[in-house]
Amino acid sequence: MEREELFKEVSIKTPSKIVLIVLDGVGGIPFREGKTALEWANTPNLDKLAKKSILGQTDPILPGITPGSGPAHLAIFGYDPLKYQIGRGILENLGLGVEIKEGDIAIRGNFCTLRDGVIVDRRAGRIPTEENKRLCSRLKEEIKEIDGVEVLFTPGMEYRFALRLRGEGLGSEVLDTDPQMVGKSPILPKATDPRSERTARVAEKIINLAKDILKDEKRANFIILRGFSTLPPISPMQDIFRLNPAAIATYPMYKGLAKLVGMKILDVDGMSIADEIKTLKENYKDYDFFYFHIKKTDSYGEDGNFEKKVAVIEEFDRFLPEILSLLPDVLVITGDHSTPCRLKAHSWHPNPFLLYANTIIPDEQERFSERACAKGGLGRLFSVDAMGLMLAHALKLKKFGA
Ligand code: ZN
């Protein structure tokens, strides 16, 4: 029996509520005076909660494997990240609210700067989002259909955009056109299986048309296409876990991930934690599972900005009482992967994991930190196993077998 069949069999619908908080990339390694950002931060509310909770560590994929946020999130949502591989093109499109159907090809694109046939800036000088919108609307207007394939451009943030191809007989096995470094010529789209030849031909025509349309632009005068992908066959959380799930996130990719597993994407009016809390409160009665994403812990980890990472953790701590006041039956606080300031990148270190419910045996650890979690009663788990624990502690799982 597979994991999903098991959960389909034992999951039951109950009114109990689960709140899953993902502080993206929150875990770290010692950075200042031997302390991590979580250890350095002043977090009275998290400390108080830690004493009443059970702690542990989670490995997003496998020990030693550094994941992207995509697979790391799928795992926390209860899906085997090795079984479902989700292309960046899919994530980018879904995150921008583009409808993706079976058979569609989803691609992520960059505007870039081309000079004398070579790419001199892979991000077109990080053009402002407004400029991106203007360029995408021109491309959208002028490239609507190629050889019977419907083409849709959607602007993202700064230099990024999403591209969707819809038509018959399109495969997704096409290599990126990104040479990955400046000073090199862009690569032509190349299919690696016969089913994807048509996709590659259409993509090449799009690139040539875009080059002509953008020829008078100073910075964004060319496009790079990456992450050609199709929708993986994935059952929604409603079917597997009998949940009615909702997502509160501000960045496109995370909304896309949540949508992929069937979550309702709730509107957040703004980008701050306060705005997200407001959305949580307003929608609390309507769903039984909330995924609440905080992005900035990861962004500052990648920048190596320890102060700011600490500040985001402290800001979250100030809002924690508001979440607790909703009285969720299960509250989990964790990361998707670690992003240590010292490495300025995602890493393989396990995530700190905290579970609060009235069915646990509290560890009585003094803090929510990497070290406290290493001593926690849950021990070390795979992220994919967290969902079972959340459901069990919310009394949403019945006995397996007689
Ligand atoms: Zn992440």
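Residues numbered from 1 in each chain as written. Predicted model: local features only at pLDDT ≥ 70, side-chain atom pairs only at ≥ 80, totals over all residues. Heavy atoms only, no water.

**With respect to the packing of helix 4 (residues 69-76) against helix 9 (residues 252-260)**
Two measures define how a pair of helices packs: the angle their axes make with one another and the distance between the axes. Rules: Here, axes are lines fitted to C-alpha atoms. For helices the fit covers the stretch in contact, and angles between N-to-C directions go from 0 to 180 degrees. Put simply, DSSP marks the helices as runs of H or I at least four residues long and the strands as runs of E at least two long, and each gets a number from the N terminus on. These descriptions rest on fixed angle ranges, namely under 35 degrees for roughly parallel, over 145 for roughly antiparallel, 65 to 115 for roughly perpendicular, and the rest for oblique. Handedness of a helix crossing follows the sense of rotation of the near helix relative to the far helix, less than a right angle counterclockwise being left-handed and clockwise being right-handed. Between two residues, a contact is recorded if the distance between any of their heavy atoms is within 4.5 Å. For this classification, Asp, Glu, Lys and Arg are treated as charged, while Ala, Val, Leu, Ile, Met, Phe, Trp, Tyr, Cys and Pro are nonpolar and the rest, including Gly, are polar.
Contact geometry of helix 4 with helix 9 gives a least axis separation of 10 Å together with a crossing angle of 40°. Accordingly, the angle class assigned to the pair helix 4 and helix 9 is oblique. The two elements helix 4 and helix 9 meet at a crossing, and its hand is right-handed. Where helix 4 abuts helix 9, its residues Ser69, Gly70 and His73 lie against Met253, Tyr254 and Leu257. Split by residue class, the contact of helix 4 with helix 9 holds 3 nonpolar, 3 polar and no charged.

**Some details on the environment of Asp104**
This is how the line gets drawn: Pairs of N or O atoms within 3.5 Å make up the polar contacts considered here, provided that, within protein, one atom can donate a hydrogen while the other can accept it, and that residues adjacent in sequence are counted only when both atoms are side-chain atoms.
Structurally, the position occupied by Asp104 is in the loop between helix 5 (88-95) and strand 3 (105-115). Discounting residues that sit within four places of it in the chain, Asp104 has contacts with Glu99, Arg164, Leu165, Arg166, Ser229 and Thr230. Of the polar contacts made by the side chain of Asp104, one reaches the backbone nitrogen of Lys101; its length is 2.7 Å.

**Quick look at the packing of helix 10 (residues 273-283) against helix 12 (residues 306-324)**
Taken N-terminus to C-terminus, the directions of helix 10 and helix 12 make an angle of 20°; their axes are 10 Å apart at the nearest point. Relative to helix 12, the element helix 10 is oriented roughly parallel. At the point where helix 10 passes helix 12, the crossing takes the right-handed sense. Residues Ile273, Ala274, Ile277, Leu280 and Lys281 of helix 10 pack against Val312, Glu315, Phe316, Phe319, Glu322 and Ile323 of helix 12.

**A few points about the pairing of strand 9 (residues 245-248)**
The test is simple: The buried label goes to any residue with under 20% of its type's maximum accessible area, the exposed label to any with over 50%, and the partly exposed label to all in between, with areas taken from a 1.4 Å probe on protein chains only. Pairing between two strands requires that DSSP report at least two bridges joining them. By the criterion used throughout, a crossover qualifies as right-handed when its path from the first strand across the helix to the second strand runs clockwise, the strands pointing away from the viewer.
Here strand 9 shows two buried faces, one formed by Pro245 and Ala247 and the other by Ala246 and Ile248. Here strand 9 pairs with strand 11 (residues 289-294) via 4 bridges, running parallel. By the bridge assignment, Pro245 is partnered in strand 11 with Phe289. Summarising the sheet, strand 9 and strand 10 (residues 264-265) pair through 2 bridges and their orientation is parallel. Within strand 10, the position partnered with Ala246 by the bridge is Lys264. In the classification by handedness, the crossover that spans strand 9, the intervening helix 9 and the parallel strand 10 is right-handed.

**What to know about the pattern of salt bridges**
Opposite charge on two side chains permits pairing when their charged atoms draw close. Threshold: Salt bridge criterion: a side-chain nitrogen from Lys or Arg within 4 Å of a carboxyl oxygen from Asp or Glu.
By the definition in use, this model includes 28 salt bridges. A salt bridge links Glu92 to Arg108; the shortest N-O distance between them is 3.7 Å. Highlighted residues: Glu92 in helix 5 and Arg108 in strand 3, separated in sequence by 16 residues. What makes Arg108 buried here is its relative accessible area of 9%. With a shortest N-O distance of 3.4 Å, Glu282 and Lys278 are connected by a salt bridge.

**Focus: the nonpolar core**
Note the following rule: Here, the term nonpolar core denotes a set of buried Ala, Val, Leu, Ile, Met, Phe, Trp, Tyr and Cys residues that are joined through side-chain atoms within 4.5 Å. Each domain's extent is set by a domain assignment, obtained either automatically or from a database.
Within the largest apolar cluster, 47 residues are counted, with the highest numbers of intra-cluster contacts made by Tyr79, Phe289, Tyr291 and Met390. There are two domains that each give this core at least three residues, and those are domain 1 (3-84 + 233-393) and domain 2 (91-229). Beyond its immediate sequence surroundings of up to four residues, Tyr79 is in contact with Glu4, Leu74, Tyr84, Ile234, Ser235, Pro236, Met237, Ile240, Phe241, Val261 and Val384. Formed by 40 residues, the second largest nonpolar core is a distinct cluster that contains Ile277, Phe292, Ile294 and Tyr300.

**Topic: helix 4**
Burial runs high along helix 4: 7 of the 8 residues are buried. Among the residues of helix 4, Ser69, Gly70, Ala72, His73, Leu74, Ala75 and Ile76 are the ones counted as buried. In this structure, the buried side of helix 4 is in contact with strand 1 (18-23), helix 5, helix 9, strand 11 and helix 14 (386-393). In the segment just after helix 4, Gly78 is the residue with positive phi, at about 95°.

**Some words on the domain arrangement of the chain**
You'll often see interface size given as the accessible area lost when the parts meet. The line we're drawing: For any pair of parts, buried area is found by adding up, for both, the accessible area (1.4 Å probe) each one loses once the two are put together.
What the domain assignment lists for the chain is domain 1 (3-84 + 233-393) and domain 2 (91-229). One C-alpha centre belongs to domain 1, the other to domain 2; they are set 33 Å apart. On the side of domain 2, 6 residues touch domain 1, which itself brings 9 residues to the contact. Both sides together, the interface formed by domain 1 and domain 2 hides about 660 Å², and carbon and sulfur atoms give 80% of it. In this structure, the connection of domain 1 to domain 2 is made through 0 residue pairs in polar contact (both at pLDDT 80 or more). The greatest single-element share of the side of domain 1 that touches domain 2, amounting to 7 residues, is contributed by helix 9.

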